[in-house]
Amino acid sequence: MTDKISKDPAAAPAGSGASGNPYEAIKAIPVRHYGRWISAVVVVALLGWLVYAFSQGNILWDTVWDKVFDPSVISGLWNTILISVASMALGLVLGIVFAVMRLSKNPVTGAVAWLYIWFFRGTPVYVQLLVWFNLSLIFQYIDLGPIYKNETVDVMTPFMVALLGLGLNEGAYMAEIVRAGIQSVDEGQTEAAHALGMSQTKTMGRIVLPQAMRVIVPPTGNEFINMLKTSSLVSAVQYTELLRASSNIGNTAGAVMEMLFVASIWYLALTSVFSVGQYYLERRFARGSTRNLPPTPLQRVKANLTTFKRSPEASA
């Protein structure tokens, strides 16, 4: 005769809950990171000291805020955006062309592409700008035969000098970025496209480059943000961009440092806006390669705030 298991709650093992589970629920208590709080306090104190030092310096802050939206400054701001976008577009086109040339099996095109990248990466962009600016000392006329002929001084305007100096230099860097992106695509993709009868051009445009964009976009965004700051060098070739417009006002009004702060404010604003655009562009091209997209800045802020809160079980 078998014994019957008692269903009386009183007969349950000691320490069991009302449900009869002999195991007690685990209360997870998060570890306190005191070092984070100490480092945060130190950093905030240093930032406060820095802000206080500048607030007590011999700086006319009223002049800074009054000149932020000065018409000349805004005009220089738009010129900065224009030359940056135009130079980056030229650099991107040249980068794609020379990257494909360098990867070509033709030794001549490969050597020419390597020589272009070697020269423009090896010389400072400031020197390149001065060379284009003084090109009339070498060539009095730009003669393209029956197509075009004009004096070099009339052709090499400040905008053209800035475009060639920045765009050609950027093309050398973009060529290496595009080349790395193309080589990141598995060769089997190209072989499969050729097996389907696609030409080399179609394979590159429809198969390889779309997949390479995931690798190309992040450094390209960094290059464009760097271009916004490098564009300040074109003030040396008399192109009135943000820095030159601000410096002109500063030299006239006797507020040199104040106008440099104005230019810095606008450079920070531009880089911040384009950094946000770069971030969401990277997320778009990462959709097919990662299962979970990286969190947005707002999601990161929320996650960091919740880490300092105690869980309900711990606070109970």
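Residues numbered from 1 in each chain as written. Predicted model: local features only at pLDDT ≥ 70, side-chain atom pairs only at ≥ 80, totals over all residues. Heavy atoms only, no water.

Some points on the nonpolar core
Judged by nonpolar contacts, the single largest core of 29 residues is most densely connected at Val73, Leu77, Val178, Ile182, Leu242, Val262 and Trp266. For this core, the secondary-structure elements that each account for two or more residues are helix H3 (71-103), helix H7 (158-183), helix H9 (200-230), helix H10 (242-253) and helix H11 (256-285). Those residues within four positions of Val178 in sequence are excluded, and the remaining contacts are Gly95, Ile96, Ala99 and Ile216. Ile83, Tyr116, Leu135 and Leu163 belong to the second largest nonpolar core, which has 25 residues in total. (Core = buried A, V, L, I, M, F, W, Y, C linked by side-chain atoms within 4.5 Å. Buried < 20%, exposed > 50% of the residue type's maximum accessible area, 1.4 Å probe, protein only. Helix = DSSP H or I, 4+ residues; strand = E, 2+ residues; numbered from the N terminus. Contact = heavy atoms within 4.5 Å.)

Comments concerning the pattern of salt bridges
Enumeration over the complete set of coordinates arrives at four salt bridges. Glu176 is the partner of Arg102 in a salt bridge, and the nearest nitrogen-oxygen pair spans 2.6 Å. Of this pair, Arg102 sits in helix H3 while Glu176 sits in helix H7, placing them 74 residues apart in sequence. Accessibility expressed as a relative area gives 16% for Glu176, which makes it buried. The partner of Glu176 in a salt bridge is Arg179, with the nearest N and O atoms 2.9 Å apart. Residue Glu176 and its partner Arg179 are located together in helix H7, separated by three residues, close to a single helical turn. The burial state of Glu176 is the same as that of Arg179; both residues are buried. A cluster of three or more residues bridged by salt bridges with shared partners is formed by Arg102, Arg121, Glu176 and Arg179. (Salt bridge = Lys/Arg side-chain N within 4 Å of Asp/Glu carboxyl O.)

Notes on the side chain of Thr230
By secondary structure assignment, the location of Thr230 is in helix H9. Among the residues examined, Thr230 registers a relative accessible area of 18% and is labelled buried. Residues in contact with Thr230, not counting those within four places in the same chain, are Val125 and Leu166.

With respect to the side chain of Thr80
The residue Thr80 is located in helix H3 in this model. Thr80 has contacts with Leu228, Ser231, Glu241, Leu242, Tyr267 and Leu270, leaving out every residue within four places of it along the chain.

Focus: the packing of H7 against H9
Interaxial distance between H7 and H9 falls to 8 Å at its minimum, and their mutual angle equals 140°. Taken together, the axes of H7 and H9 are oblique relative to one another. Judged by the sense of rotation from one axis to the other, the crossing of H7 with H9 is right-handed. Two secondary-structure elements touch here, H7 through Leu166, Glu170, Tyr173, Met174, Ile177, Val178, Gly181 and Ile182 and H9 through Met204, Val208, Leu209, Ala212, Val215, Ile216, Pro219, Thr220, Glu223, Met227 and Thr230. Grouping the constituent residues of the contact of H7 with H9 by class yields 14 nonpolar, three polar and two charged. (Axes fitted to C-alpha atoms, helices over the stretch in contact; angles between N-to-C directions. Parallel < 35°, antiparallel > 145°, perpendicular 65-115°, else oblique. Left-handed = near helix turned anticlockwise from the far one by under 90°. Nonpolar A, V, L, I, M, F, W, Y, C, P; charged D, E, K, R; others polar.)

Overview of the UniProt feature "transmembrane region" (unreviewed entry) in the protein
Feature annotation in UniProt places "transmembrane region" (unreviewed entry) on residues 37-61, 81-101, 113-135 and 260-281, given in this structure's numbering. Annotated as residues 113-135, this span is 83% helix and 0% strand, and its ends, taken at the C-alpha atoms, are 23 Å apart. Secondary structure across residues 260-281 comprises 100% helix and 0% strand; the distance between its end C-alpha atoms is 31 Å. (UniProt positions renumbered as here; feature names shortened; annotations may be inferred.)

Considerations on H11
Its 30 residues place the ends of H11 43 Å apart at the C-alpha level, agreeing with the 44 Å of an ideal helix rising 1.5 Å per residue. If you check which residues of H11 are buried, you get Glu258, Met259, Phe261, Val262, Ala263, Trp266, Tyr267, Leu270, Thr271, Gln278, Tyr279 and Arg283. (Expected span 1.5 Å × (residues − 1).)

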